[in-house]
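Inside the fold
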Amino acid sequence: MAKHEGNHHNHHETPDATEPKHHPSDQYEDDTTIQEEHTEMDHDKHDHHGHNGHGDMVEDFKKRFYISLLLAIPILALSPMIQHFMGVDWRFDNDMYILFALSSIVFFYGGWPFLTGGIAELKDRNPGMMTLIALAISIAYTYSTFVVFGWDGNQLYWELATLVVIMLLGHWIEMRSIMGASNALEQLVKLMPSEAHKLDEHHQVRDVPLSEIRNGDWVLVKPGEKVPVDGVIVEGQSTIDESMLTGESIPIEKEEGDAVIGGSVNKGGSLAVEVEKTGEESYLSQVITMVKEAQESKSKTQDLTNRAAKWLFYLALVAGFATLFAWLALGYPLDTAIERMVTVMVITCPHALGLAAPLVVAVSTTISAKQGLLIRNRADFEGARNLNAVVFDKTGTLTKGEFGVTNIVAESNYTDEEVLRLAAAIEQNSEHPLAAGIVASAKGKGIHIGQVTDFESITGKGIQGKVDGKKVNVVSPGYVNSSGLSYNQELFEGLSEEGKTVVFVLVEEELAGMIALADIVRDTAKEAVAALKAKGIHSIMLTGDNRKVANWVAAQLGIDEVYAEVLPDDKANQIKRIKEKGWRVAMTGDGVNDAPALATADLGIAIGAGTDVAMETADVVLVKSNPNDVVALIDLSKKTYRKMVQNLWWATGYNIFAIPLAAGVLAPWGIVVSPAIGAVFMSASTIIVAINAKLLKA
């Protein structure tokens, strides 16, 4: 009970678990503000991601898609091969030059992202989807242009146009579903006020920018304000809410000599704080640094489509040139051999491949949104199918972050209901979380809460007032012990061992009963842990809260592995240690203190009721704050991956038949597959892929 004993209406030393651990760095010689540091970080972050406006890129693909789609319609209509296929004749003088002009716009404008992307992949010696598309459209365009200006053969502009349109559509769908550059660092910086109330030697207050604050300065923190710096209280006493920073579930009473953390909220009286840490030495700045490093160190998983595209690229080159040399060796003219080669190389880049993954992603994202799962990072979501462990934060994730009454122990001349009614009557005037829990419990039981008169809060003693003409006190264990009142100490210790906070109700200075409170465990959390265990996935609790509280909650939920009193840097390190076992790890949390761990884990899952920081750092957000959704997330990831593999087989499998036919293996028997027949193969493959994606169910 050590940590909670003094929490209610009392003061106590800040426990070691909630004191910030600092790791000053030599990276900067001068003191910098968090804002200054963040500017540097933000710049680096955008450089790392390779673009400053993810939204702009999505819009760019959308625009290129629609313009190319409009141009593709006349291109198809003007193509002799398509006209022949449809049994019509729409030819007219110079129609091929118009076809050339329209196709050139599609090639250079619509195909530009693939051409530049292909060059970049080749520079990295890592050909993939962009290279495969660039190869196909470049060959189709170059060959068709030679045909228009005199070469014998059939131009393939229609092939170029449809390929560009479908690939732009696929990339547009895909980019909409991929998470943009994270705003986690901006959200963290918002936790800090931009100004501080600086106190001079005459105790006069002057508002100054945070950048002007130095170690040793005194600052004033008013009730309801955020603490601007890390420091020590030199005057005043108050209740400080550090839950978003350290995970401590209830506000902590602070007095002179106690440490305070920048970004925490002053819930009570005014404080004078002596500055100890500013800029990048501060606790919050360390969290910012860890989040940034974890995000940047995340491996960029190459997805299935890109791996398939790489092999198809090599296949296209080998099959194409093998076809060319084979036809030349058999004595055919150069134009015939080149037409066979072009047909093979173009047909190797199936239209369906560009839609295989994006269509499944689009359907999967829609299903997940309906289930209350917002997928922000597709690659990490797909990796959820291989998870070995799910690490849960306690406060706000497994629990509601709200206190509720768990036990009432009434003395012989009182009933449980009377004890709760008296306590609620007094506590209705208090804003303390424990008070809110007592009042909510009384209302939930339908107990009528009477009026209180002469209410007052007595520092270090608790609160008191008159109910039904009698003086009633709600006090901490420390007050009861100092007053020499007798109570059932064995029962009290038992409740304390379960991590519960116990308050005492006195009527006319005599004990009426004890009320035990604890953070309310989510009903769905136990189901989630059991379901994960059934799948062979380990559930682990990682919390900044008191060990007794953590162990009690873990026992309620059936979690065997618990790490308590852990600060943010340790949370991220603990995730790393679990990953060192060779496990794939998900982290589920809701607070600033979880941000580094969320960024470090293979999959970061934020509870929707949590902070913006947690949600911006996470790969998936659980809108309904339901731990059971972690199980649903894993199931959907497995189904999504299965559909993707099926689609990739459909998208590429027809090459097994189409490439040899296009190369002319049946030519000795008079069977030569024309590009038009190849187009039918491709269309069928694309339709099958689209239908299969739509069959994905939650």
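Residues numbered from 1 in each chain as written. Predicted model: local features only at pLDDT ≥ 70, side-chain atom pairs only at ≥ 80, totals over all residues. Heavy atoms only, no water.

**Quick word on the sheet that holds strand 20 (residues 585–589)**
Note the following rule: For two strands to pair, DSSP has to find at least two bridges joining them. The helix and strand labels rest on DSSP assignments: H or I over at least four residues marks a helix, E over at least two residues marks a strand, and numbering proceeds from the N terminus. Working convention: axes come from line fits to C-alpha atoms, limited for helices to the stretch in contact. Angles between N-to-C directions cover 0 to 180 degrees.
One open sheet holds the 7 strands; their spatial order is 10-22-21-20-11-18-19, and the pairing between them is mixed. Lying at the two open borders of the sheet, with one neighbouring strand each, are strand 10 (373–375) and strand 19 (561–563). The mean angle between the axes of side-by-side strands here comes to 20 degrees, regardless of whether they run parallel or antiparallel. Bridge count for strand 10 against strand 22 (residues 620–622) is 3 bridges, and the pairing is antiparallel. In the sheet register, Leu 374 faces strand 22, and the bridge partner there is Val 621.

**So, the sheet that holds strand 7 (residues 259–260)**
Across the sheet, 6 strands lie side by side as 2-1-3-9-4-7; this open sheet has antiparallel pairing. Sheet topology places strand 2 (205–209) and strand 7 at the edges, where each strand pairs with a single neighbour. In this sheet, strand 2 lies alongside strand 1 (residues 195–199) in antiparallel orientation, the contact comprising 5 bridges. Across the sheet, Leu 199 pairs through a bridge with Val 205, a residue of strand 2.

**Considerations on helix 17 (residues 433–444)**
Worth spelling out the cut-off: Expected span of a helix: the number of residues minus one, times 1.5 Å. The cut-offs for exposure are 20% and 50% of the maximum accessible area for each residue type, with area from a 1.4 Å probe on protein chains only; residues under the lower value are buried, those over the upper are exposed, and the others partly exposed. The contact criterion used is simple: two residues touch if any of their non-hydrogen atoms lie within 4.5 Å.
An ideal rise of 1.5 Å per residue puts 16 Å on 12 residues; helix 17 measures up with 16 Å between its terminal C-alpha atoms. Looking at helix 17, one finds that the buried residues are Leu 434, Ala 435, Gly 437, Ile 438, Val 439, Ser 441 and Ala 442. On its buried face, helix 17 is in contact with strand 12 (399–410), helix 16 (416–427), strand 16 (501–507) and strand 17 (510–521). Looking at the residues trailing helix 17, positive phi occurs at Gly 446, about 75 degrees.

**Regarding a nonpolar patch on the surface**
Inclusion rule: Surface patches are defined over residues having more than 30% relative accessible area and no salt bridge, joining like charges when they lie within 9 Å and nonpolar side chains (Val, Leu, Ile, Met, Phe, Trp, Tyr) when within 5 Å. Accessible areas in this description were obtained via Shrake-Rupley with a 1.4 Å probe; residue shielding takes into account the shown protein chains only. Salt bridges are counted wherever a side-chain nitrogen of Lys or Arg sits within 4 Å of a carboxyl oxygen of Asp or Glu.
Taken together, the side chains of Phe 321, Phe 325, Leu 328 and Leu 334 define a hydrophobic patch exposed on the protein surface, amounting to about 380 Å² of accessible area. Among the elements that make up the nonpolar patch, the one with the highest residue count is helix 11 (residues 304–329) (3 residues). As for its position among the elements, Leu 334 is in helix 12 (residues 334–347). The partly exposed category is assigned to Leu 334, whose relative accessible area is 46%.

**Digging into the pattern of salt bridges**
This model, assessed by the stated rule, comprises 11 salt bridges. Note that Asp 393 and Lys 571 form a salt bridge whose closest N and O atoms lie 3.2 Å from each other. Taken together, the residues span a long stretch of sequence, with Asp 393 in the loop between strand 11 (389–392) and helix 15 (394–398) and Lys 571 in helix 22 (residues 568–579) at a distance of 178 residues. In this pair, the class of Asp 393 matches that of Lys 571, namely buried.

**Notes on the packing of aromatic side chains**
Quick reminder of the rule: Between the rings of Phe, Tyr and Trp (Trp by its six-membered ring), a pair exists once the centres lie within 6.5 Å; its type follows the angle of the planes, with under 30 degrees stacked, over 60 edge-to-face, and the other angles tilted. By definition, being over a ring means that NZ of Lys or CZ of Arg is both within 6 Å of the ring centre and within 35 degrees of the ring normal.
Scanning the model with the defined rule gives 18 aromatic pairs in all. Ring geometry for Phe 100 and Tyr 141: centres 6.4 Å apart, planes at 20 degrees, overall stacked. Residue Phe 100 is found in helix 4 (residues 95–110), and its partner Tyr 141 is found in helix 6 (residues 129–148); the two are separated by 41 residues along the sequence. Arranged with centres 5.5 Å apart and planes meeting at 55 degrees, the rings of Phe 146 and Trp 151 form a pair that is tilted. The partly exposed category is assigned to Phe 146, whose relative accessible area is 46%. Residue class for Trp 151 comes out partly exposed when judged on its relative accessible area of 28%. In this structure, Arg 64 is placed above the aromatic ring of Tyr 109, and the distance from its NZ or CZ to the ring centre is 4.8 Å. The ring of Trp 583 has Lys 581 lying over it, and the distance from NZ or CZ to the ring centre is 4.4 Å.

**Structural notes on the UniProt feature "transmembrane region" (unreviewed entry) in the chain**
Short version of the rule: UniProt positions are given in the numbering used here, feature names are shortened, and annotations may be inferred rather than shown by experiment.
When the UniProt feature table is mapped to this numbering, "transmembrane region" (unreviewed entry) covers residues 65–85, 97–120, 132–150, 156–173, 311–330, 342–369, 648–671 and 677–696. Across residues 65–85, helical content stands at 95% and strand content at 0%; the span's end C-alpha atoms are separated by 25 Å. As a span, residues 648–671 carries 62% helix and 0% strand, and end to end its C-alpha atoms are 28 Å apart.

**Re the pairing of strand 18 (residues 538–542)**
Formally: Handedness rule for crossovers: strands pointing away from the viewer, path from the first strand over the helix to the second running clockwise, crossover right-handed.
In terms of burial, strand 18 is a largely internal element, 4 of the 5 residues being buried. Here 4 bridges tie strand 11 to strand 18, and the two strands are oriented parallel to one another. Counted as the bridge partner of Val 391 is Ile 540 from strand 18. Note: strand 18 against strand 19, 3 bridges, orientation parallel. Bridge pairing in strand 19 links Met 541 to Val 562. You can see the chain leave strand 18, run along helix 21 (residues 547–557) and come back into strand 19, and the turn it takes is right-handed.

**Examining the confidence of the model for the chain**
The test is simple: Predictor confidence is given residue by residue as pLDDT, running from a minimum of 0 to a maximum of 100.
On average, residues of the chain carry a pLDDT of 80, and 83% of them reach 70 or more. Model confidence for the chain, summarised as mean pLDDT per element, is weakest for helix 1 (residues 34–49) at 35 and strongest for helix 4 at 96. With pLDDT under 50 throughout, residues 1–53 is counted as low confidence; its partners more than four residues away or in other chains account for 145 contacts. In the model, residues 298–302 has pLDDT below 50 throughout and makes 11 contacts with residues more than four positions away in sequence or in other chains.

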